[in-house]
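# Structure assessment
Residue-level listing of the chains:
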Amino acid sequence: ALFVALVTNNQADAVICFDQTGAVVYPRPTTAANTGSTWNDRALAAQLRDAQNAESFSPETAAASYANIAAQATNTDLAARALQGQARCFALSGKKEQALETLIGVLGQERFARATDEQGRVIVPNAELRALELLNNSTNSQTQAVLRKLKEQLTNYHTSSIPSAQRRFLMRELLRLFPNQVEFPTLPAEDLAARYLDAASPSQTEPVLKQAPLPDLWQFSSAHGRVLVLHHTDALLQRLASSVSPQLLPADLKLSLLPPGKVPDQALLSMLAGPLLPGWRLALDLKERHLFETAAEQRIALYVWSGTLVLLTVLVLALLVFRLIAKQLALTQLRNDLVANVTHELKTPLSSMRLLVDTLLASPQLNEKTAREYLDLIAKENVRLSRLIDNFLTFSRIERNKYTFRFASVKPSALVEASAAAVRDRFTSPGCSFKVESGPESPVVADSDAIVAALVNLLDNAYKYTGEEKRITLTAHAQNGHVRFAIADNGIGLSPRETRRIFKRFYQVDQRLSRGAGGCGLGLSIVQFIVKAHHGDIQVQSEPGKGSTFVISLPAAETNPSLN
Ligand code: ADP
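Residues numbered from 1 in each chain as written. Predicted model: local features only at pLDDT ≥ 70, side-chain atom pairs only at ≥ 80, totals over all residues. Heavy atoms only, no water.

For the protein, the count of helices and strands is 17 helices and 15 strands. Computed over C-alpha atoms, the radius of gyration of the protein comes to 64 Å, more than 25% over the 24 Å expected from 2.2 N^0.38 for 564 residues, which places it beyond the range of a compact globule. Dimensions of the protein along its principal axes, counting C-alpha atoms only, are 195 × 50 × 40 Å. Counted over contacts in the protein with a minimum sequence separation of 6, partners at least 24 positions apart contribute 62%. (Helix = DSSP H or I, 4+ residues; strand = E, 2+ residues; numbered from the N terminus. Rg over C-alpha atoms; globule rule 2.2 N^0.38 Å. Contact = heavy atoms within 4.5 Å.)

Okay, here's the thing in structure tokens:
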């Protein structure tokens with residue numbers, strides 16, 4: 001009863017039960033045969049053996065002999081064995097009906113219920129199996145009745161005395177004969193218990209989980225050693241897991257048990273499972289490990305981003321500091337250049353003026369013609385000095401962002417005229433031809449003073465960088481919504497490389513030449529600044545030795561309302 005209870009409730013894969021002396025009581029061993037003790041019975045037992053020997057060659061005689069033994073025997077085992085033999089003989093001689101009658105009717109009597117054969121097997125169930133084989137028809141009512149009765153005996157663990165080996169044999173035979181009508185859930189447990197008993201000689205052991213002598217099998221003995229339960233590893237793990245109440249653990253945790261030798265691969269914590277499960281380990285782990293990993297990943301991402309951000313901030317700051325320093329350096333450089341240039345450029349006209357004045361003062365009598373000549377020269381130096389100072393002031397205002405333009409609608413011809421007038425005196429000297437085309441009437445929006453200053457600067461350069469025979473022209477044309485002011489000369493010209501650089505501050509192609517001509521390398525940078533402020537554009541076409549043409553292009557008033 002314990003066997004079937006534990007096995008069907010899935011508390012064990014098999015059970016071995018012992019009596020007080022330690023002998024196995026279940027799986028029920030096959031008991032020794034009982035041949036009867038009276039003198040008569042012993043004689044009949046001898047006759048029974050004779051009949052058995054005669055069975056094969058003379059079934060009829062053997063049948064009669066068996067009937068005689070069955071009638072006389074006082075021992076039910078003996079009688080039942082004789083009846084079993086008689087039925088065999090009937091069957092052998094083709095008397096199926098009589099055989100069935102003996103197997104079911106006669107042996108079915110209550111008094112034979114516990115009778116056993118010489119091997120200790122209970123006779124009735126074997127007789128019933130034989131009857132079923134003879135009936136050979138799974139549907140008729142007699143077959144069903146016998147089958148039901150036999151099934152009932154095989155599944156009855158409470159009162160039946162069938163030895164386990166016989167029970168397993170009969171179960172298997174019924175499964176073979178009636179595969180769709182019978183099932184025996186305890187058969188695997190019976191088989192396992194039998195295999196265990198074959199492999200081991202069980203003795204009472206202490207209540208500790210141990211490896212059984214069969215692979216993948218564990219045994220556990222009860223406190224007094226009367227019951228030994230067997231578990232397959234997988235089933236044991238399931239049973240142990242289901243025996244832990246889930247309420248004992250926080251929802252996110254998972255508790256698992258690991259057999260000896262198995263290492264937890266991911267557990268948060270693992271420890272020995274205690275003295276009852278020697279070598280086993282309890283492992284605690286998170287149910288959803290990825291939650292943990294996701295949290296870790298998020299944290300790593302946070303660190304990486306913070307690091308990147310800090311790095312970027314440092315980089316940006318470094319860049320700003322670098323730019324600031326570069327700007328400071330450039331300013332210092334500019335100041336140095338300016339001081340050097342200004343002093344030098346101012347000194348030249350001043351010293352030549354002083355020389356002229358000193359000469360005049362030192363002469364005891366003033367010759368009017370010479371005096372006039374000298375004064376003329378002094379006036380020229382003066383103009384040159386004023387222009388230089390104008391350029392410096394303009395440049396200084398530009399650098400301090402203080403240069404303000406006063407835009408108004410102006411006719412290009414007025415600008416051309418004003419520029420020409422400013423230089424005409426000098427440009428009418430011998431060896432200099434100066435042509436002016438006063439240009440279109442359509443107005444431009446411009447600061448007249450600034451544009452005139454730009455044009456005069458270009459005219460000055462044309463004058464300065466031309467040889468003895470100077471041919472200079474100043475023209476203005478309307479073209480594609482623009483007014484183009486062109487200043488052309490037949491001077492020394494510029495190489496393409498120089499052309500790209502001349503608009504830089506303080507850049508001079510040939511310093512000696514420029515200084516001699518009274519320049520400081522600021523003129524073109526000022527021109528470019530003014531032109532850009534007018535949303536215009538300046539271009540140079542030049543060829544060394546042949547001359548240069550500077551073209552300032554300003555948007556015509558109708559296309560440039562924004563400057564109003
Ligand atoms: P600078 O005061 O030296 O003339 P600019 O800025 O006006 O300074 O001109 C820069 C340089 O460009 C000059 O030093 C000169 O070498 C060159 N340059 C300017 N205009 C001409 C020109 N018309 N022909 C040849 N070279 C020129």
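Moving on from the coordinates now.
A separate point is helix 6 (residues 123-135). For helix 6, spanning 13 residues, the distance from its first C-alpha to its last is 18 Å, which sits close to the expected 18 Å at 1.5 Å a residue. Three or more residues of helix 6 are buried, namely I123, V124, P125, N126, A127, E128, L129, A131, L132, L134 and L135. As for helix 6, its buried residues are in contact with helix 4 (76-92), helix 5 (96-106), helix 7 (141-155) and helix 8 (164-177). N136 occupies a position one or two residues after helix 6 and carries a positive phi of about 55°. (Expected span 1.5 Å × (residues − 1). Buried < 20%, exposed > 50% of the residue type's maximum accessible area, 1.4 Å probe, protein only.)

Here we come to the site of the ligand. The ligand sits among 20 residues. The nearest are N461, Y465, D489, C520 and L524. Here N461 contributes a side-chain N or O atom positioned 2.8 Å from an oxygen atom of the ligand. G521 is positioned with one of its backbone polar atoms (N or O) 3.0 Å from an oxygen atom of the ligand. Protein chains bury 98% of the 530 Å² of accessible surface belonging to the ligand in isolation. Mapped by element, the contributors of at least two residues to the shell around the ligand are helix 14 (448-464), helix 17 (523-533) and strand 15 (547-555). Split by residue class, the shell around the ligand holds ten nonpolar, eight polar and two charged. (Near = heavy atom within 4 Å. Polar contact = N/O pair within 3.5 Å; in protein donor to acceptor, adjacent residues only side chain to side chain. Areas by Shrake-Rupley, 256 points an atom, 1.4 Å probe, with all protein chains shown as cover. Nonpolar A, V, L, I, M, F, W, Y, C, P; charged D, E, K, R; others polar.)

On to the environment of T308, then. As for its position among the elements, T308 is in helix 11 (residues 289-362). For T308, a relative accessible area of 31% gives the class partly exposed. Distance in space between the C-alpha atoms of T308 and R226 is 71 Å, their sequence separation being 82 residues.

Bringing the pairing of strand 5 (residues 227-232) into the picture now. The buried fraction of strand 5 is high, at five of six residues. Sheet topology places strand 1 (residues 14-18) next to strand 5; four bridges connect them, and they run antiparallel. If you follow C17 over to strand 5, its bridge partner there is V227. The turn joining strand 4 (residues 217-221) and strand 5, which pair antiparallel and follow one another in sequence, is formed by five residues; a positive phi near 75° is taken by G225. (Pairing = 2+ DSSP bridges.)

Moving on, we get to the pairing of strand 1. Counted residue by residue, strand 1 has five buried out of five residues, so it is predominantly covered. Burial along strand 1 is two-sided: the residues A14, I16 and F18 and V15 and C17 are all buried. For strand 1 and strand 2 (residues 24-26), the ladder comprises two bridges, and the chain directions are antiparallel. Bridged to C17 within strand 2 is Y26.

Note that all results are geometric; they support no functional claim without further evidence.
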